[in-house]
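Chain by chain, the residues:
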Amino acid sequence: MTEGDVHAFREHLGNFTPGELMRLSEHFRPDLVYVIENDILTVLQELTARRVLTAQQAQDYSDWEKNHDSTSAAEKLVGDILTKSHATGLGLWTCLFALQSRWAHPNLHGMLDEIIHNGHDLIQEILLNKSGHALDPELKAYQVEHKAKLRDLTGSMKENKTPGQSEGEIFPIASRYVELKVVSDRHFMKQTHQEHEALAAAGELNEYRLQRRVKSELERITPDRLFRWCTRSRRVPLSVMVSGVAGVGKTTLVQKFIFDWAVGEHYQKFAFVFIFKFRDLNTVGEKRSLESLICQTYPLLRDKLPTVLEDPEKLLFIFDGLDESQTDLPLRRGEAHDLCLKPGDVKPISVIVASLVKQTLLKGCSVLLTSRPSKLAGLEAGVFHRVANIVGFLAKERERYFSTFFRDERVSREAFAYVRDSQVLYTLCYNPSYCWITCTALKPCFTAQAGKPQPVPKTVTQLFVSYVTHIMANHTQERPEAQSMRDTLTRLGWPAEYGIKNHILVFDLKYLQDFKVEFSPFLTGFLVENPPTDNSSQVTYSFLHLTIQEFFAALVHYLDYREDRFRDTMAKARTCKEGDYEIFSRFLAGLSHPATRMPLEKYTGKFSAEASRQVIGWLSEMNYEELESRDEPKGKRRLMNVFNLLFESRNSQLVRDVVGKDPHLDFSDLYLMPVDCTVLAYVLKCCEEIGRLVLESCFIQNEGLERLSPELHKVRELSLSDNHLKDVAMKNICSVLKHPNCRVEDLSLGKNLFTEACCKDLASALKENLTLFSLDLTKNKVRNAGLSALLEALEAPQCKIQKLVLQENGLSDESCERLCSALSNNSTLQHLNLSANVFTDQCAEYMHLLILTSPSLTDIRLSLNDFSPKVEGQLRKLQSENLKYRFTSGLDRPQKKFIPPRRLFQWMLQTVRSQSPTFMIPAYDMLM
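These notes cover the structure that comes with them. Fair warning: this is a prediction, and the values are worked out from it, not measured in the lab.

All right, on to the overall build of the protein then. Each helix and strand counted, the protein has 40 helices and 23 strands in total. Among the 928 residues that make up the protein, the fraction classed as buried is 56%. Surface exposure of the protein reaches about 39,700 Å², of which carbon and sulfur atoms provide 49%.

Turning our eyes to something else, we now look at unusual backbone geometry. Despite not being glycine, Leu362 shows a phi value in the positive range, around 55°. Along the polypeptide, Leu362 turns up in the loop between helix H17 (349-357) and strand E9 (366-371). For Asp722, which is not glycine, the phi torsion reads 55° and is therefore positive. Tracing the chain through its elements places Asp722 in the loop between strand E16 (715-719) and helix H35 (730-737).

With that settled, consider the packing of aromatic side chains. Taken as a whole and assessed by the stated rule, the structure comprises 39 aromatic pairs. Ring geometry for Phe28 and Trp93: centres 6.0 Å apart, planes at 75°, overall edge-to-face. Within this pair, whereas Phe28 is found in the loop between helix H2 (18-27) and helix H3 (29-38), its partner Trp93 is found in helix H7 (residues 86-99), the two being separated by 65 residues in sequence. Per residue, the accessibility class of Phe28 equals that of Trp93, and both read buried. Judged by centre distance (5.4 Å) and plane angle (75°), the rings of Phe402 and Phe416 are edge-to-face. Linking Phe402 in helix H18 (residues 395-406) with Phe416 in helix H19 (residues 409-420), this pair joins segments that are 14 residues apart in sequence.

Core analysis: the largest hydrophobic core is formed by 237 residues, its most contacted members being Phe317, Phe552, Phe643 and Phe667. Once residues within four sequence positions are removed from consideration, Phe317 is found in contact with Phe274, Phe276, Leu290, Ile294, Leu356, Leu362, Cys365, Ser366, Val367 and Leu368. By size, the runner-up hydrophobic cluster in this structure holds 41 residues, among which are Val35, Leu44, Ala58 and Tyr61.

Attention now moves to the sheet that holds strand E13 (residues 540-543). Remark on secondary structure: sheet strands pair via backbone hydrogen bonds, oriented parallel or antiparallel. Across the sheet, which stays open at both edges, the three strands sit in the order E11-E13-E12 with antiparallel pairing between neighbours. The open sheet has two free edges, formed respectively by strand E11 (507-508) and strand E12 (527-530), since each of these has just one partner strand.

What follows deals with the pairing of strand E7 (residues 315-320). Successive residues of a regular strand alternate their side chains across the two faces of the sheet. Taking burial as the measure, the six residues of E7 include six buried ones, the bulk of the element. Neither face of E7 is exposed, since Leu315, Phe317 and Phe319 on one face and Leu316, Ile318 and Asp320 on the opposite face are all buried. Relative to E7, strand E5 (residues 272-277) runs parallel, the two being bridged by six bridges. Bridge pairing links Ile275 to Ile318 in E7. Note: E7 against E9, four bridges, orientation parallel. Each residue of the ladder has a partner; that of Ile318, found in E9, is Leu368.

Here helix H27 (residues 582-590) crosses helix H29 (residues 609-620) at 120°, and the two axes come no closer than 9 Å. Taken together, the axes of H27 and H29 lie oblique to each other. The interaxial crossing formed by H27 with H29 has left-handed handedness. Facing Ser585, Leu588 and Ala589 of H27, the residues of H29 in contact are Val615, Trp618 and Leu619. A breakdown of the residues in the contact of H27 with H29 according to their chemical character gives five nonpolar, one polar and no charged.

Viewed as axis vectors pointing N to C, helix H4 (residues 40-49) and helix H6 (residues 70-84) meet at an angle of 30°, and their least axial separation amounts to 11 Å. Looking at the two axes, H4 sits roughly parallel to H6. Note on packing geometry: the crossing formed by H4 with H6 is left-handed. Of the residues in H6, those in contact with Ile40, Val43, Leu44 and Leu47 of H4 are Ala73, Ala74, Leu77 and Ile81.

Criteria and cut-off values
- Residues numbered from 1 in each chain as written.
- Predicted model: local features only at pLDDT ≥ 70, side-chain atom pairs only at ≥ 80, totals over all residues.
- Heavy atoms only, no water.
- Helix = DSSP H or I, 4+ residues; strand = E, 2+ residues; numbered from the N terminus.
- Buried < 20%, exposed > 50% of the residue type's maximum accessible area, 1.4 Å probe, protein only.
- Areas by Shrake-Rupley, 256 points an atom, 1.4 Å probe, with all protein chains shown as cover.
- Phe/Tyr/Trp six-rings, centres within 6.5 Å; stacked < 30°, edge-to-face > 60°.
- Core = buried A, V, L, I, M, F, W, Y, C linked by side-chain atoms within 4.5 Å.
- Contact = heavy atoms within 4.5 Å.
- Pairing = 2+ DSSP bridges.
- Axes fitted to C-alpha atoms, helices over the stretch in contact; angles between N-to-C directions.
- Parallel < 35°, antiparallel > 145°, perpendicular 65-115°, else oblique.
- Left-handed = near helix turned anticlockwise from the far one by under 90°.
- Nonpolar A, V, L, I, M, F, W, Y, C, P; charged D, E, K, R; others polar.

So this is what it looks like as structure tokens:
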């Protein structure tokens, strides 16, 4: 990035009027706050350097952050700047553009890219999304009626009923909706179709190798921005996939999206929005046309449908729950299909959907699909212009959900604190469905009638056992006879299991009767009765959530073990598509543990011992070595899935048998959510020692590190690089280093966000630690003050550090004298990397002295600093010298006896100013 580039961008902004630039700035205000709050100090420095703010104003915002938080400070900064003047707003955008060359924030790049390539079109789109299209009066009347219907359908959320309630309560969605976080999916194929074909022709058609090549950071996308400019595809997307695990809120997000459109909150550029659920489309017949499908679901549009379909760019089609479809979309790699060309073409539903996505049908229309991640793996690369992932609730959203659920401040606060301390439960609550089940299961523990709280569930299986037990305990005043309860749950379990195997999620009454299931008030804790729809006059039934169906599908094998059925199910699980049996398998593993199933056995009698034996045998056959050796995201995710099974089993000996002694684990480039970190921590806990653990680019952040830190002291080689860790995370790292049984020898913390503020804590831990030999802090912000703190540790006689990497940490000449003084007394440090800092000629003498006086240093690296050609020439001259020195009192060191040369210093230099090439200079043989 040059100043010429910055100037060109500022000139580009000059093409917008002050009003247009303000409209853009207001449009991007949430993104501006999100970007700036991640590193407000860097932004303040740039604003000060470019004289947008005075030094005192920057200090005021910095103080505000210290007294409040980074989000509040960013909101105040953006608000103040945008209300000051047009010139100040220009200054903010200019500074952000200049920063992008050294600040790889995806939302920052996204905003700037959109302004540069789509700015003037965006102005029109903002206005269109606010006011909508001008329609003729008759069509406008149809639109108003259509919006009213969708508003009525989506305007309320029905809270699932709990035992004791006659019906679930209904709340306005606007008041009950808790924001879901949506981010770009870093592990989905993002190449265009042409790029994919070119790589295939070159023999490189390996999905996960391609994923690694196009790895990107996570980009936060609010739901009202799903159809905004996408930097990766360089276009306003027409086809969008929203992915998320079961229960994370995909359907709820769609419901809120439609409601907001119907009331005019966003996306008024769509004159008509049509929503279809795949679970309903499963019942409409083998072949239909798009016209008949719309007319059946939205009969009020029948007379005006040809007019509605005349302008496809004004239409949005939403298809919810691809994972619930009984047929695959014809969008898989290498497949050719006869797609629809006209709305009247009669084809299978899957072909109609694929035709809309591929734009052979109603070219220009927009399409939004939702799915579990497992359905995405085989889809054609680039078929979706944007793929986003719902990550569920963050901390604030979880707390808000508890508040809305319990509606009693004291109870919600106590329940949330209880869950927050339980690790697994708290991390599970990122998922709204699990959040509801958790609150339901724990409600008796925190109400006045409940008495003392029960032990908190530690696994997903234990959570669902608690939920089912809670339903049974509140079903009747008297405990039902065990065999009767066992029979009831068995009859419910077999259709659940059959449905999982055959992708059946909606059951009619005859289907339940075939399995001898009698719908009763008790079963309303697990099944929901669906009223007749426009597609069917029959009442249907489905489980409250797919995860509950998967739990009963696993449970039935313990209640009514049948060897042939069990073997058939396990055979399907082994050969199924990735992810189809994942949750089912976790429940199957979890119920094998006696303590987990004990609460249920009080109501149903003993579980099958043979089922437990078979499941444990299946788990023990997991080929850990094969999974561990596969260096691609798919293999790593499979390994994490195996760890989830072991976590649910709560069988520490089984874990040790599967992973072996001294395991090496590498999850680099795999996005690990906090719940994954909790699972990994359990596996580490079961092991006595871990040889190597690589968690580079896993985006674990501090919440994930908190889950892992109690067990990280067992790891010999530990890498936490590129995880967006901030200073607050250093306390967890220090607790690892201070652990009395710490085994960590090699620690990599590069490419994080550590500053000088945390270096005192780190130095204190290094003084206590007796095992660490190598520490890598590449690309942090240690700076001179942080280096000074670290040198205090290096001066301590008990410090064992042999290798220290401080590359690209903002170190300058100011720290050189202190560095030389400290290391002249250090007898362990052998390798020191100071590359890519801002050292100049002023420190060359100190570096020379450091080489002469350090008793142990064998390698010092100074590439990519700012030495002049003159100093560089002097260093080149040293290449021809091979001098032998004796330490003298003139260097404040006693004379020592001659010892033959035993080490060679390598001094790597490359000046930024002269752009001269890197070269290595043998300094001299040293005598001691």
